[in-house]
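# Structural characterization, general
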Amino acid sequence: MPPLSLPYLLKRLLRSEHWRRLHVRASLWAALITVLVLLGGSWLIVVVETPAPKATITSFPLALWWSVETATTVGYGDLYPVTAWGRVIATVVMLAGISMFSIVTASLATWFVSGAAHRVHELAVAFERFGREGTAGASDELRALHTRFDRLEKIVKDTRRPPGSA
């Protein structure tokens, strides 16, 4: 492959250590941002929902529980926003939770796949090396066998000649 071709550049990028570290950093940033969104969403939902009639989210501990179950898309139905702004906050919390789980899942999948790809590459290199060594060894053995057969043929020819003939 030429050094400036797209497949070459992608192969170099995906096999680099920087790419693997990028996935870990993305997962950590996603988790941190999600925690901040959960805490901020919990605080905001209490401010928005508490004055509303029939509000179910009236304290920070309840709001924190609500934000966790909303981010994980469990949604038991015991706590829910009743105001329009509360629903907007709920949407942001849901999107943050879904995004975080998606990024972490993708990072884990990349980690598993890159580990397997690395092992397959090492196995291919080992097979190639053994193939070269095996071919070289087989060639040496074949030459040695030819030499032995040539000597045996000479011995057989010499024993078949009648005595005194040269």
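Residues numbered from 1 in each chain as written. Predicted model: local features only at pLDDT ≥ 70, side-chain atom pairs only at ≥ 80, totals over all residues. Heavy atoms only, no water.

### Quick word on the confidence of the model for the protein chain
- Taken over all residues, the pLDDT of the protein chain has a mean of 82, while the share at 70 or more is 86%.
- Of all the helices and strands in the protein chain, helix H1 (residues 6-15) carries the lowest mean pLDDT, 66, while helix H3 (residues 60-71) carries the highest, 93. (pLDDT = per-residue confidence, 0-100. Helix = DSSP H or I, 4+ residues; strand = E, 2+ residues; numbered from the N terminus.)

### A few points about unusual backbone geometry
- With a phi close to 60°, Lys54 is a non-glycine residue in the positive phi region.
- Considering the arrangement of structural elements, one finds Lys54 in the loop between helix H2 (17-49) and H3.
- Assessed through its relative accessible area of 75%, Lys54 is described here as exposed. (Buried < 20%, exposed > 50% of the residue type's maximum accessible area, 1.4 Å probe, protein only.)

### Regarding H3
- Relative to the 16 Å expected for twelve residues at 1.5 Å per residue, H3 spans 16 Å between its end C-alpha atoms, a close match to the ideal helical length.
- Where H3 terminates, the next one or two residues include Thr73, which has phi positive at roughly 60°. (Expected span 1.5 Å × (residues − 1).)

### Regarding the packing of aromatic side chains
- If you walk through the whole model with that rule in mind, you get one aromatic pair.
- On the basis of an interplanar angle of 10° and a centroid distance of 6.1 Å, the ring pair of Trp65 and Tyr76 is categorised as stacked. Of this pair, Trp65 sits in helix H3 while Tyr76 is found in the loop between H3 and helix H4 (84-160), placing the two residues eleven residues apart along the sequence. (Phe/Tyr/Trp six-rings, centres within 6.5 Å; stacked < 30°, edge-to-face > 60°.)

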